[in-house]
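# Chains, contacts and geometry: an overview
Residues per chain are reported as follows:
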Amino acid sequence: MSDLQHVGGAPIVGREAELLFIAAAMKRPGCRAVFLIGAAGVGKTRLTDECRELARESGMAVVSASANAGSARISLGALAHLLPPASELGDLHQDLQPAHLLQSARKSLAAEAGDRRLVLSIDDAHHLDPVAAQLVYQLVSVDSAFLIATLRTGEKIPSPIAELLLKATVDRLDLQELKPHDVAPIARDLLGGALDGPAISWLTATSAGNALFLRELVLSARDDGTLVPDPASNVWRLQSGRRPSSPRLTELLEHRLDGLSIDERRALEVIALAEPLPLEPVEELLGLDVLDALDRRGLVRVLADGKRLTIGLCHPLYVEIIRRAPMNLRQRADLGALASAIRSAGGRRREDPIRIATWQLAVGGRADPEVLLRAALAAQLGFDDHTAIDLAGAGLQQDPSADVRIELLLCRGLGLSRLGRFRAATPDLMHAYEAAQSPVHIARSAIRLAAATLERDGDLKSAITTLDNAIVRLPEGPELVDVRLERATLLADAGFPAAAADELRLVDETGQPPAQRIITALARGSERLNSGFPLEAIDVADAGLHIHLSHPTETTTYHPTSHFLPRILGLIESGQLDVAERDARWIQQRGAEERRPIAQTGGCLFAAMVLLRRGQTNACVKAAEEALTTSPSDNQPYMRRLAWALLARAQVLRGDVGSAIASLREFDQAPHVVDGFGEVEYVLARSQVRVAGFDRDGARSVLQDALADAGTRGNWRVTMNVLDELMHEHLDRDAAARVAQSAVRSPDALSQARALQAWSMLKGDLGAHGDAATRFLELGFNVRAAEISARAARDAKRHGDGRTAARLERIASLAVGRMDGVLTPAITGYTAAVPLTDREREIASLVSRGATSKEVGVHLNLSARTVDNHLQRVFAKLGVSSRRELRAALGQSTSE
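So, here is what we can say about the structure in this document.

What counts as what
- Residues numbered from 1 in each chain as written.
- Predicted model: local features only at pLDDT ≥ 70, side-chain atom pairs only at ≥ 80, totals over all residues.
- Heavy atoms only, no water.
- Helix = DSSP H or I, 4+ residues; strand = E, 2+ residues; numbered from the N terminus.
- Buried < 20%, exposed > 50% of the residue type's maximum accessible area, 1.4 Å probe, protein only.
- Contact = heavy atoms within 4.5 Å.
- Areas by Shrake-Rupley, 256 points an atom, 1.4 Å probe, with all protein chains shown as cover.
- Expected span 1.5 Å × (residues − 1).
- Phe/Tyr/Trp six-rings, centres within 6.5 Å; stacked < 30°, edge-to-face > 60°.
- 1 Å grid on protein atoms, 1.4 Å probe; cavity = no way out; pocket = protein on both sides within 12 Å on 5 of 7 lines; lining within 4 Å.
- Points joined across faces, edges and corners; volume = space filled by probe spheres on them.
- Nonpolar A, V, L, I, M, F, W, Y, C, P; charged D, E, K, R; others polar.
- Salt bridge = Lys/Arg side-chain N within 4 Å of Asp/Glu carboxyl O.
- Polar contact = N/O pair within 3.5 Å; in protein donor to acceptor, adjacent residues only side chain to side chain.
- Axes fitted to C-alpha atoms, helices over the stretch in contact; angles between N-to-C directions.
- Parallel < 35°, antiparallel > 145°, perpendicular 65-115°, else oblique.
- Pairing = 2+ DSSP bridges.
- Core = buried A, V, L, I, M, F, W, Y, C linked by side-chain atoms within 4.5 Å.

### Examining the overall build of the chain
For the chain, the count of helices and strands is 45 helices and 10 strands. The buried share of the chain, reckoned over its 896 residues, is 57%. A sequence separation of at least 24 residues applies to 67% of the contacts in the chain between residues at least 6 apart. Entry remark: accessible area of the chain is about 36800 Å², with carbon and sulfur atoms responsible for 51%.

### Some remarks on helix α31 (residues 637-653)
The end-to-end C-alpha distance of α31 is 25 Å, a good match for the 24 Å that 17 residues give at a rise of 1.5 Å each. Burial within α31 is extensive, with 16 of its 17 residues counted as buried. Phi for G655, located one or two positions after α31, is positive at around 80 degrees.

### Section: the packing of aromatic side chains
The full count for this structure, using the stated rule, is 5 aromatic pairs. Ring centres of Y638 and F677 lie 6.0 Å apart, and the angle between their planes is 85 degrees; on these two criteria the pair is classed as edge-to-face. One end of the pair, Y638, is in helix α31; the other, F677, is in the loop between α32 (657-669) and α33 (679-692), with 39 residues separating them in the sequence. Like F677, Y638 is buried.

### Things to note about empty space enclosed by the protein
For the coordinates displayed, the defined rule picks out 3 cavities of 30 Å³ or more. Of the volumes computed, that of the largest cavity is approximately 750 Å³. Contributing to the lining of the largest cavity are 41 residues, with E455, S562, L565, I598 and Y638 lying nearest its centre. When contributions to the lining of the largest cavity are tallied by element, the ones reaching two or more residues are α19 (402-418), α20 (422-435), α21 (439-457), α23 (478-493), α25 (514-530), α27 (564-573), α29 (597-614) and α31. Broken down by element, the residue count for the lining of the largest cavity peaks at 5 residues, all from α21. Across the lining of the largest cavity, the residue classes tally to 23 nonpolar, 12 polar and 6 charged. Of the voids in this model, the second largest cavity is the one considered here, and its volume is about 140 Å³. Contributions of two or more residues to the lining of the second largest cavity are made by α35 (716-730), α36 (733-745) and α37 (749-763). Residue contributions to the lining of the second largest cavity peak at 4 residues, all from α35. Tallied by class, residues from the lining of the second largest cavity come to 6 nonpolar, 5 polar and 4 charged.

### Overview of the pattern of salt bridges
Taken as a whole and assessed by the stated rule, the structure comprises 38 salt bridges. E679 is the salt-bridge partner of R713, the closest N and O atoms lying 2.3 Å from each other. Note that R713 is positioned in helix α34 (residues 696-713) and E679 in helix α33, a separation of 34 residues in sequence. Taking the relative accessible area as the measure of exposure, R713 reaches 8% and is therefore buried. A single network of salt bridges, built from pairs that share partners, joins D468, R484, R487 and E503.

### Details of the side chain of D732
When you line up the elements, D732 lands in the loop between α35 and α36. Looking at D732, the relative accessible area reads 12%, which means it is buried. Side-chain polar atoms of D732 contact the backbone nitrogen of A735, separated by 3.0 Å. Filtering out sequence-adjacent residues up to four positions away, D732 remains in contact with R700, Q704, L726, M727 and M761.

### Here's the deal with the packing of α21 against helix α22 (residues 460-473)
Between α21 and α22, the least distance of the axes is 8 Å, while the angle of their chain directions is 170 degrees. As far as their axial angle goes, α22 and α21 are roughly antiparallel. Every residue of α22 that contacts α21 at I442, A446, I447, L449, A450, T453 and L454 is listed here: L460, S462, A463, T466, L467, A470 and R473.

### A word on the sheet that holds strand β5 (residues 170-174)
Spatial strand order, β2-β3-β4-β1-β5: 5 strands in an open sheet with parallel pairing. Every interior strand has two partners, whereas the edge strands, β2 (61-66) and β5, have only one. Ignoring which end each strand starts from, the neighbouring axes of this sheet average 15 degrees apart. As paired elements, strand β1 (residues 33-38) and β5 share 5 bridges and run parallel to each other. Bridging from a neighbouring strand, I37 pairs with D174 of β5. The sheet contacts of helix α5 (residues 130-141) involve β1, β3 (118-123) and β4 (146-152), and relative to β3 the element is tilted by about 150 degrees.

### Regarding the side chain of R613
Mapped onto the elements, R613 comes out in helix α29. Among the polar contacts listed, one links the side chain of R613 to the backbone oxygen of M609, at a separation of 3.0 Å. Those residues in contact with R613 that sit more than four places away from it in its chain are I572, L577, R649, E681, G780, F781, N782 and V783.

### Here's the deal with the nonpolar core
Where a protein is soluble and globular, its nonpolar side chains tend to be buried together. In this structure, V483, L490, I568, L605, M609, L646 and F677 are the most contacted members of the largest nonpolar core, which totals 127 residues. Once residues within four sequence positions are removed from consideration, V483 is found in contact with A443, I447, L467, A470, I471 and L474. With 31 residues, the next largest nonpolar core counts I37, A67, V140 and A149 among its residues.

In structure tokens form, the structure reads like this:
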């Protein structure tokens, strides 16, 4: 216990073992961090306070920070005191970039430590914003600081912090609820005397072992007379009939706050609204006596932050209770006075300008637009676009200079675009584009306006015109390269790979900075995909994503998830459905967590594409309908068109032609857009709905027109999918010959399977059809496998080749068993390919013996209508249209 006896003047009560564990970790070679993890109120903050004191006593340099829900909305908000002050801002386009802010923060920490080991203490690290979390990750990874951080159980943890937890150099300490034998000494310390048995039992049961519950319960019980000292023995006893009716912490907190004087309540409100606060101006504004009274009641705590003392509330739940009420006039006046006091003192601390700007905005005053821009850019760098939009909007209301105004417009416009709100983003981006004079502003405004135009309306011509006008205005230099790369990206995404390749040839990729390498990868990934090289597209997308994630301080128009568009489509086109679905679900979940509908919708659509090819039609319909729900109705029309196209294709597979026609009608009513993202699905939906409606000539016409158009654009992705459809659905031998040749051009697994089907068709080899079906089955393309094998099995039986037919039947049965509700003509036309359910077998058996629907219903406790519905599905599966035909077919099918 020698290591603990000097900490805070007395050993910590109830957590001695945990403090010893942390003390040993700070001294152990190779250990770089300790995370204290537990529920709210378990005692993490108190233990962290003791750890900081222990580190200082050991000669270490200590820097502390406290994150909360408010600071999480501003990048580097919890670590604002590590940022350079506004007075040190130099070049707007450099010093406001988060990369420079991170470098400055690291330098500041190094200067703080000097020759000593640096200990960085962060309370509630789960509230760190992405940029602050990345900084902490960097500091710990390179051993620039020893980290002591608290995390609340059940809270979402930033990705960099989650990665730290997995490192072997990081210790994790899960704080459990206090045991009964710990309650008595803690209560004794708080009250200054022992407690009798009933009092200890009541505290143990009521607090449930939670340290904060226990502390607040003891203090409240002391204040309201529930616990009173015996004058003779100085033992605290529980008074009969005085026990609170509920142990909930919030009730205890509110009960304690109700007893404050007017001045104490005012002080507590000011601190809650603006914590952590420098102690000196707070003392001047509120009075030392009031603060001392709050301290004695255990409501506030004073911490050393470098050379400055700060004051804050003891627990964030106090803050939540006070902030529930709207800000009143007195609170506004107090915040304004604090801002004036800190500004009068020179605002020397790095966090002071941001603090002052935030308070000024809160009370309806004027804030420094450059400071707001800096915070907005940092938020955008951490992909917190919601906060960036708010901060940029606040900055625009502060009468900024012309250059700062353009930057704020671009920041807000980009944030809105990333959230899929392109129509709302357009006015900001248009204003910035019209006001732009410098090459930097001309390029950035043109790029963002063009991207929003294409995403909003699918208007490629207008988007390209915007970029071409910028190219005319720009001199040779990096800005011109940026615009050309954006032009290539839009052309590739819109399905014009040949034009995109021509644009990329104008760009020298030697020595590109990271931001240009990111955009080059996006352009080239889509170009390779639509040029018919899905494996190359995947490699390029993976490389681009790696660059994007490795340079988090690079500001680009695109979110890192943009790289998944060519990646997932490349996975689908190369036959890697399992990986494609995993990525799609990840994007869908990430979009929901980040409140980014554009990503959530994209993930749903990618998943629907995979499910469609597997023949899981119910799940496909659900995913497509969810995409329609999450996609905005007035933006990104191509996403809604794609959802309707996927719905139509799934409904065709289910034999629901009426619904498919209705979905295609919705598709046709949506605005026509230029889009390479869903072009394949568009074409196949049109042709397949026509086939289902017995219009094969119309279907072939749709495919032939698409083939000609794709050829003029050099779009091999569309070309190969159309040729494949002509070969498979329309048995077109010329198309089969071209598909067979494609295997040489594209060595991916799906192209090889298609080529195998083409060769088997051209040679008339039924056994090779089985090989092709098996290959498709292995890839998860169950619909294709079932249709190939069912057709070939029928032909084999007709030719008397029983062995080949039996093999093909097994493949068909396996494929159908993996699907859900697929009833295409190729499958339903062959009985052995469609197994009946147990209930369907029961009904079919009874009907084949002459029972009526009513008689079957009585026997199975079903209504006659339900029996008829089951019977219709039996007819569809077995390819029969009457009870007589059912009796003829059932002898074989029910024995399968």
